[in-house]
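Chain residues, written in single-letter form:
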Amino acid sequence: NTKITQSPRYLILGRANKSLECEQHLGHNAMYWYKQSAEKPPELMFLYNLKQLIRNETVPSRFIPECPDSSKLLLHISAVDPEDSAVYFCASSPYTISNERLFFGHGTKLSVL
Amino acid sequence: GDSVTQTEGPVTVSESESLIINCTYSATSIAYPNLFWYVRYPGEGLQLLLKVITAGQKGSSRGFEATYNKETTSFHLQKASVQESDSAVYYCALGETNSAGNKLTFGIGTRVLVRP
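Nothing here was measured: the structure is a model prediction, and the numbers come from that model. (Residues numbered from 1 in each chain as written. Chains lettered and ligands numbered in written order. Predicted model: local features only at pLDDT ≥ 70, side-chain atom pairs only at ≥ 80, totals over all residues. Heavy atoms only, no water.)

(A) Structural detail: the overall build of chain A. The helix and strand inventory of chain A stands at zero helices and eleven strands. Along chain A, helices (α) and strands (β) appear in the sequence β-β-β-β-β-β-β-β-β-β-β when read from the amino end. Seen through its C-alpha atoms, chain A measures out along the principal axes to roughly 35 × 30 × 25 Å. Relative to its full complement of 113 residues, chain A shows a buried share of 48%. Counted over contacts in chain A with a minimum sequence separation of 6, partners at least 24 positions apart contribute 52%. For chain A, the exposed surface amounts to about 5,400 Å²; the carbon and sulfur share of it is 49%. (Helix = DSSP H or I, 4+ residues; strand = E, 2+ residues; numbered from the N terminus. Buried < 20%, exposed > 50% of the residue type's maximum accessible area, 1.4 Å probe, protein only. Contact = heavy atoms within 4.5 Å. Areas by Shrake-Rupley, 256 points an atom, 1.4 Å probe, with all protein chains shown as cover.)

Structure, rendered in structure tokens:
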């Protein structure tokens, strides 16, 4: 699936600040960040619809999402913690209804030293 | 909250054998959630395999089938004859929407290895 691109693919950090990027070329209104830790299912972090943050699951405040335009999604992480080691998936869908198919990117694997 | 439980992997089967991955759900936020199977092939992102949004209906794709059973709250995935290309991680998921937008709740995933 090259229609949703994420960068970087791999990220190894000490206690630093970093941003993950996602871009979708599908013309979708909704964009999501999901986090998948080892041995756990993917879990929703944030949902944007038409650039507005409409769903914010219980996420530490060091994670700050940003949606500069309807095709781009960023995730800023400050002072990462070892528990943040995970794969972060970006996804998009045409609308925000429960029967929508989500389109996922390949993910960014974050390893915190 | 909502939850999804599925067969623990890895599941190893030989080519042309049948496969079943069990999935049961608990939906506290919605009476009749939408149900999905997503798959992640090696080196690729998650993609939709099939979905069913009406209880009692069956979905099918690429030889896989799953029936939405609201009595047993199950959505098992089956294939009669697997191929090596079916080696992947399969995720059962429940979809719900509230005033804050939609959300997928995933199971932990089942890794399937198909031996040639």
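From this point, the discussion proceeds with the structure in view.
(B) A look at the nonpolar core. Residues and elements named next belong to chain B. In terms of nonpolar packing, the biggest core is built from 26 residues, with Leu19, Trp37, Leu49, Leu50, Phe75, Leu77 and Tyr90 touching the most fellow members. Mapped onto this core, the elements with two or more residues apiece are β2 (11-14), β3 (19-21), β4 (23-26), β5 (34-40), β6 (47-52), β8 (64-67), β10 (88-98) and β12 (110-115). Sort the elements by how many residues they give to this core and β10 lands first, with four residues. (Core = buried A, V, L, I, M, F, W, Y, C linked by side-chain atoms within 4.5 Å.)

(C) Just the sheet that holds strand β1 (residues 4-7) of chain A, in detail. Residue and element names in this part refer to chain A. In spatial order, the strands read β1-β3-β8-β7; together these four strands make up an open sheet with antiparallel pairing. One side of each edge strand has no neighbouring strand; the edge strands of this open sheet are β1 and β7 (63-69). Across the sheet, the mean angle separating the axes of adjacent strands is 15° when strand polarity is ignored. In the sheet, β1 pairs with strand β3 (residues 18-24) via four bridges, with the strands oriented antiparallel. If you follow Thr5 over to β3, its bridge partner there is Glu23. (Pairing = 2+ DSSP bridges. Axes fitted to C-alpha atoms, helices over the stretch in contact; angles between N-to-C directions.)

(D) Summary view of the interface of chain B and chain A. The interface of chain B with chain A comprises 24 residues on the first partner and 23 residues on the second. Interface of chain B and chain A: buried area, both sides summed, is about 2,000 Å²; carbon and sulfur atoms make up 51% of it. Considering only the surface of chain B that becomes buried against chain A, Leu46, Asn102 and Phe106 of chain B emerge as the three largest contributors, covering 28% of it. Taken together, chain B and chain A are joined by two salt bridges. For Arg55 of chain A, the salt bridge identified is with Glu96 of chain B, shortest N-O distance 3.0 Å. Run the count over chain B and chain A and you get ten residue pairs in polar contact (both at pLDDT 80 or more). The set of elements that each furnish at least two residues to the side of chain B that touches chain A consists of β5, β6, β10 and β11 (101-106) of chain B. Split into classes, the residues belonging to the side of chain B that touches chain A amount to ten nonpolar, nine polar and five charged. (Buried area = accessible area lost by both parts, 1.4 Å probe. Salt bridge = Lys/Arg side-chain N within 4 Å of Asp/Glu carboxyl O. Polar contact = N/O pair within 3.5 Å; in protein donor to acceptor, adjacent residues only side chain to side chain. Nonpolar A, V, L, I, M, F, W, Y, C, P; charged D, E, K, R; others polar.)

(E) Summary view of the side chain of Thr96 of chain A. Tracing the backbone through its elements, the reader meets Thr96 of chain A in the loop between β9 (86-93) and β10 (103-104). Contact partners of Thr96 of chain A, with chain neighbours within four places excluded, come to Ala30, Leu47, Asn49 and Ile54 of chain A together with Thr97, Gly101 and Asn102 of chain B.

(F) Spotlight on the environment of Val13 of chain B. All names here are of chain B. The residue Val13 is located in strand β2 in this model. For Val13, a relative accessible area of 7% puts it in the buried group. Between the alpha carbons of Val13 and Ser87 there is a distance of 9.5 Å; along the sequence they are 74 residues apart. Once residues within four sequence positions are removed from consideration, Val13 is found in contact with Ser18, Leu19, Val82, Leu113, Val114 and Arg115.

(G) Looking closely at the state of the cysteines. All names here are of chain A. For the structure on display, the rule yields two disulfides over all chains. Between the sulfur of Cys22 and that of Cys90 lies a disulfide, 1.9 Å long from S to S. In this structure the cystine formed by Cys22 and Cys90 twists about its S-S bond by roughly -70°; its chirality is therefore left-handed. Of this pair, Cys22 sits in strand β3 while Cys90 sits in strand β9; the two residues are 68 residues apart in sequence, bridging distant segments of the chain. Each of the two residues, Cys22 as well as Cys90, counts as buried. Not part of a disulfide, Cys67 finds its nearest cysteine sulfur in Cys90, a span of 9.2 Å. (Disulfide = S-S within 2.5 Å.)

Functional significance is not addressed by these values, which are geometric in nature.
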